[in-house]
Amino acid sequence: MKILKFFLLAITIVSFTACSSDDDNNDEDDVVLVELTNANAAGTYDIIYYAGSSETSVTAAGGVSVVISTEVYSGDTFTDAEFTLDLNGNYAFSGSYRETYTLTVTGQAPVTTMEIDDFTDSGFYSLNNLERTISLDGDVSNVTQFDGTNLRIIGSFTDTIGNETEVDTFEYRLVKQQ
């Protein structure tokens, strides 16, 4: 009987030890949240990552949506690719990168293409700390990371013309220059 009690006590101790919480090592607790304001975000960032996808569908008879093509794209080999935010709510970005995209038209083999894309644009931005968003000329995207140095922007938009709808999603990763 003493052996059975000892065995049950040992099982209980092992069970509590095995079920201990790892909350102290939770990576989410280590994330530094910096207030998303013009003062904190102002500066020039290097663009280090860009990727996205696009799906085009049509509304067929009976209201059924049918995907007619998908495109997946990504950028690399960034050259002087910079994104600048100033204190007054102005943004500018410019540079070049190699873009690789794969277009798949329903019923056909995928086609992959690479090209060098030169870009330049500017406009107005606004930040919303509470919702963790950035608006570039009225197009709102989510800021999923901002720690004062790293800025990650994820967004999507939908365009509909007639019975054709295109849904685009994208992600940018930026690092503030020192």
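Before reading further, recall that the structure is shown in the block above.
Residues numbered from 1 in each chain as written. Predicted model: local features only at pLDDT ≥ 70, side-chain atom pairs only at ≥ 80, totals over all residues. Heavy atoms only, no water.

Engineer: It is not clear to me how the overall build of the protein chain should be interpreted in this structure. Could you clarify?
Structural biologist: Along the backbone of the protein chain there are two helices and eight strands. Starting at the N terminus and ending at the C terminus, the protein chain contains elements arranged as α-α-β-β-β-β-β-β-β-β. By the burial criterion, 26% of the 178 residues in the protein chain qualify as buried. Contacts in the protein chain between residues far apart in sequence, at least 24 positions, make up 53% of those at least 6 positions apart. As presented, the protein chain carries roughly 11700 Å² of accessible surface, and 55% of it is formed by carbon and sulfur atoms. (Helix = DSSP H or I, 4+ residues; strand = E, 2+ residues; numbered from the N terminus. Buried < 20%, exposed > 50% of the residue type's maximum accessible area, 1.4 Å probe, protein only. Contact = heavy atoms within 4.5 Å. Areas by Shrake-Rupley, 256 points an atom, 1.4 Å probe, with all protein chains shown as cover.)

Engineer: Please explain the environment of Arg132 as it appears in this structure.
Structural biologist: Mapped onto the elements, Arg132 comes out in the loop between β4 (111–128) and β5 (133–136). Arg132 sits in the buried class, given a relative accessible area of 17%. C-alpha separation for the pair Arg132 and Leu36, spaced 96 residues apart in sequence, amounts to 7.0 Å. Once residues within four sequence positions are removed from consideration, Arg132 is found in contact with Leu33, Val34, Glu35, Leu36, Ser141, Asn142, Val143 and Phe146. Within the local environment of Arg132, its side chain forms a polar contact with the side chain of Asn129, the two groups lying 2.7 Å apart. (Polar contact = N/O pair within 3.5 Å; in protein donor to acceptor, adjacent residues only side chain to side chain.)

Engineer: So what exactly am I meant to see when it comes to the pattern of salt bridges here?
Structural biologist: Side chains that differ in sign of charge can pair as their charged atoms come close. In the structure shown here, the tally under the stated rule is three salt bridges. Close ionic contact of Asp76 with Arg98 constitutes a salt bridge, the shortest N to O distance being 2.8 Å. Note that Asp76 is positioned in strand β2 (residues 65–85) and Arg98 in strand β3 (residues 90–105), a separation of 22 residues in sequence. Its relative accessible area of 27% is what places Asp76 among the partly exposed residues. Between Glu171 and Arg152 there is a salt bridge, with the nearest N and O atoms lying 3.5 Å from each other. (Salt bridge = Lys/Arg side-chain N within 4 Å of Asp/Glu carboxyl O.)

Engineer: Can you help me understand the layout of surface pockets in this one?
Structural biologist: One simple way to see leftover space: roll a probe sized like a water molecule over the atoms. The space that makes up the largest pocket amounts to roughly 640 Å³. For the largest pocket, the lining is made up of 25 residues, of which Tyr50, Phe93, Leu136, Phe170 and Tyr172 are closest to its centre. Where the lining of the largest pocket is concerned, the elements lending two or more residues are β1 (43–59), β2, β3, β4, β6 (139–146), β7 (150–161) and β8 (164–176). Considered class by class, the residues forming the lining of the largest pocket number 17 nonpolar, two polar and six charged. (1 Å grid on protein atoms, 1.4 Å probe; cavity = no way out; pocket = protein on both sides within 12 Å on 5 of 7 lines; lining within 4 Å. Points joined across faces, edges and corners; volume = space filled by probe spheres on them. Nonpolar A, V, L, I, M, F, W, Y, C, P; charged D, E, K, R; others polar.)

Engineer: Please explain the pairing of β3 as it appears in this structure.
Structural biologist: As paired strands, β2 and β3 are joined by 13 bridges and run antiparallel to one another. Residue pairing across strands places Leu85 opposite Tyr91, the latter belonging to β3. Hairpin connection of β2 to β3: four residues between the antiparallel strands, including Gly89 at a positive phi of 90°. Here β3 pairs with β4 via 14 bridges, running antiparallel. Each residue of the ladder has a partner; that of Ala92, found in β4, is Ser122. (Pairing = 2+ DSSP bridges.)

Engineer: What is the right way to read unusual backbone geometry from this model?
Structural biologist: Outside of glycine, negative phi angles account for most residues, and trans bonds account for most peptide bonds. We note that Asp80 has phi near 50°; this positive angle belongs to a residue other than glycine. For Asp80, the location among the structural elements is in strand β2. Here the phi dihedral of Asp137 falls at roughly 50°; this positive angle occurs in a residue that is not glycine. Tracing the backbone through its elements, the reader meets Asp137 in the loop between β5 and β6.

Engineer: I keep staring at the pairing of β6 and nothing clicks. Help me out?
Structural biologist: Side chains on a regular strand alternate between the two faces of the sheet. Relative to β6, β5 is paired through four bridges, and the arrangement is antiparallel. When the bridges of β6 are listed, Leu136 appears paired with Asp139. In this antiparallel pair of consecutive strands, β5 and β6, the connection spans two residues, and Asp137 shows a positive phi of 50°. Note that β6 and β7 share four bridges and pair antiparallel. Its bridge partner being in β7, Val143 is matched across the sheet by Ile153. Where β6 hands over to β7, the hairpin turn is made up of three residues, of which Gly148 adopts a positive phi near 95°.

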